[in-house]
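These are the residues of each chain, in order.
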Amino acid sequence: MHSRILITGGNGFVAGSLIRQGAALHELHVLSRGPAPGALPTGVTWHTLQNGTPGALIALVEQLRPDALLHTAAIANIDYCEAHREEAHTVNVGLTQALCDAATCTGAKFIYLSTDNVFDGVRGRYTEEDRPSPANYYGETKAEAEGRAALLESPWVVARVSLVMGLPLLGTGNSFLSRMIPTLERGEALGVPPDEIRSPIDAVTLGQALLELAVSSPFTGYLHLAGDDIVNRYEMVRRVAAALGYDAHLVVANDPATIPGRANRPRDGSLVNGRAHAVLQTPLCGLEEGVRRVLAARDRYGMQ
């Protein structure tokens, strides 16, 4: 099904996966405050919207009239949000509300990318029925924005992720895999928090799932897009390093509590993905298979 899709946060890591995988199938319009990160695939139109006022956003959506609106833009730096609360609220909540208003005006399906940080991380293995109890101010803004999306009368999805793993398929984005590989290449030790438990999903699978939700899935509601493995960050990075052919012993435990100004994180932000398995055709997978999908996509799209 060929659809017109508007993607926000165009220079982000997840948006890069959406653009690469969706360009051949759909008409993509990508919104960002900055310029495109290089040559774009055929079928992609880039919109640099420096005036990000609610009125300007609504006017652009009304002009384009997309079938679906994939909202990935956010200030996602947890420590920055903690220290710059007004700015974080303006972007993470205010921008979301403007796009919700635009979806109401046009009838576009609204897909909102959210986070495990809406939970406090005390228990872990959260389902879609669990009530948010944010771990930090970033999580507070995302939980509030979730609530705005859930009030829509038009179709909507709040898609939560715990941790996204992969290599940028367009531009750079914020990829821990891109940051860890050079360290391992040099044979240097890589410090990783040992006590933070997550359910990582690879960026390729996440992109496919979000496109399915936007285009062909009738699903509306909350959905946890998570991988099949629930692991702590230390074990996760060791397994990823081994899957990439590096010495897993280079990965060492590092206590993040010693980092000045570091905001609280959920200790166990793992998400249960049973509902996603049931409603999606996109096959979710475990850690090693996710690495294989990432590497295959890098080769397919000629990325370094």
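In what follows, the structure referred to is the one given above.
Now for a quick tour of the structure. (Residues numbered from 1 in each chain as written. Predicted model: local features only at pLDDT ≥ 70, side-chain atom pairs only at ≥ 80, totals over all residues. Heavy atoms only, no water.)

**Considerations on the overall build of the protein**
Inference 1: Within the protein one finds 10 helices and 13 strands.
Inference 2: In terms of C-alpha radius of gyration, the protein reaches 18 Å, essentially the compact-globule figure of 19 Å for 304 residues.
Inference 3: If one aligns the C-alpha atoms of the protein with their principal axes, the spans along those axes are about 55 × 40 × 40 Å.
Inference 4: Going through the 304 residues of the protein one by one, you find that 55% of them count as buried.
Inference 5: Once local pairs closer than 6 in sequence are excluded, the contacts in the protein between residues at least 24 apart make up 75%.
Inference 6: By element, 50% of the accessible surface of the protein is carried by carbon and sulfur atoms, the whole surface being about 12,800 Å².
Inference 7: Measuring between centres, the 26 positive side-chain charges of the protein sit 2 Å from its 32 negative side-chain charges. (Helix = DSSP H or I, 4+ residues; strand = E, 2+ residues; numbered from the N terminus. Rg over C-alpha atoms; globule rule 2.2 N^0.38 Å. Buried < 20%, exposed > 50% of the residue type's maximum accessible area, 1.4 Å probe, protein only. Contact = heavy atoms within 4.5 Å. Areas by Shrake-Rupley, 256 points an atom, 1.4 Å probe, with all protein chains shown as cover. Lys, Arg positive; Asp, Glu negative; His and termini not counted. Charge placed at Lys NZ, Arg CZ, Asp CG, Glu CD.)

**Re empty space enclosed by the protein**
Inference 1: A full pass over the atoms with the stated rule returns one cavity of 30 Å³ or more.
Inference 2: Taken as a whole, the largest cavity spans an internal volume of roughly 50 Å³.
Inference 3: As for the largest cavity, its lining consists of Met-165, Pro-200, Ile-201, Asp-202, Thr-205, Ala-226, Gly-227, Leu-284, Cys-285, Gly-286, Leu-287 and Gly-290.
Inference 4: Of all elements in the fold, only strand S10 (201-202) and helix H10 (287-300) reach the threshold of two or more residues within the lining of the largest cavity. (1 Å grid on protein atoms, 1.4 Å probe; cavity = no way out; pocket = protein on both sides within 12 Å on 5 of 7 lines; lining within 4 Å. Points joined across faces, edges and corners; volume = space filled by probe spheres on them.)

**Considerations on the environment of Asn-254**
Inference 1: Along the chain, Asn-254 falls in the loop between strand S13 (251-253) and helix H9 (274-279).
Inference 2: With 242 residues separating them along the chain, Asn-254 and Gly-12 place their C-alpha atoms 27 Å apart.
Inference 3: In this structure Asn-254 touches Gly-191, Val-192, Pro-193 and Pro-194, once residues within four positions along its chain are discounted.

**Some points on the sheet that holds strand S11 (residues 221-224)**
Inference 1: Reading across the sheet, the seven strands line up as S3-S2-S1-S4-S5-S6-S11 and stay open at both edges, with parallel pairing between neighbours. Since the sheet does not close on itself, it has two edges, and those belong to strand S3 (44-48) and S11, each with one partner. Here the strands of the sheet are splayed against their neighbours by 20 degrees on average, with no regard to which way each runs.
Inference 2: Bridging between strand S1 (residues 4-8) and strand S2 (residues 27-32) involves five bridges; their strand directions are parallel. (Pairing = 2+ DSSP bridges. Axes fitted to C-alpha atoms, helices over the stretch in contact; angles between N-to-C directions.)

**A look at the environment of Ala-149**
Inference 1: By secondary structure assignment, the location of Ala-149 is in helix H5 (residues 137-150).
Inference 2: Each C-alpha atom, one on Ala-149 and one on Thr-282, is 23 Å from the other, the two residues being 133 residues apart in sequence.
Inference 3: Apart from the residues within four sequence positions on either side, Ala-149 is in contact with Cys-100, Phe-110, Tyr-112, Trp-156 and Val-158.

**A word on the state of the cysteines**
Inference 1: Under the criterion given, the structure shown has zero disulfides.
Inference 2: The thiol of Cys-105 is unpaired, and the distance to the nearest cysteine sulfur, on Cys-100, comes to 11 Å. (Disulfide = S-S within 2.5 Å.)

**Comments concerning the packing of aromatic side chains**
To describe a pair of aromatic rings, one takes the distance between the centres and the angle between the planes.
Inference 1: On inspection of all chains with the given rule, the structure shows three aromatic pairs.
Inference 2: For the ring pair Phe-119 and Tyr-126, a centre distance of 4.2 Å and an interplane angle of 5 degrees mean the geometry is stacked.
Inference 3: Given the relative accessible area of 1%, Phe-119 is considered buried.
Inference 4: An angle of 80 degrees between the planes, with centres 5.4 Å apart, marks the rings of Trp-156 and Tyr-222 as edge-to-face. Placement of Trp-156 in strand S6 (residues 156-161) and of Tyr-222 in strand S11 is noted, with a sequence separation of 66 residues between them.
Inference 5: Among the residues examined, Tyr-222 registers a relative accessible area of 23% and is labelled partly exposed. (Phe/Tyr/Trp six-rings, centres within 6.5 Å; stacked < 30°, edge-to-face > 60°.)

**Re the pairing of S2**
Inference 1: Taken across its six residues, S2 has five buried, putting it largely inside the fold.
Inference 2: Handedness of the β-α-β unit built from S1, helix H1 (residues 13-22) and S2 comes out right-handed.
Inference 3: Pairing between S2 and S3: five bridges, direction parallel. Within S3, the position partnered with Leu-28 by the bridge is Val-44. (Right-handed = clockwise from strand over helix to strand, strands pointing away.)

**What about the pairing of strand S5 (residues 109-115)?**
Inference 1: Burial of S5 is extensive: seven of the seven residues sit out of reach of the surface.
Inference 2: Burial of S5 is two-sided: the residues Lys-109, Ile-111, Leu-113 and Thr-115 facing one way and the residues Phe-110, Tyr-112 and Ser-114 facing the other way are all buried.
Inference 3: Summarising the sheet, strand S4 (residues 68-71) and S5 pair through four bridges and their orientation is parallel. Bridging from a neighbouring strand, Leu-70 pairs with Ile-111 of S5.
Inference 4: As paired strands, S5 and S6 are joined by six bridges and run parallel to one another. Note that in S6 the partner of Tyr-112 across the bridge is Val-158.

Such coordinate-based values are descriptive only and should not be taken to indicate function.
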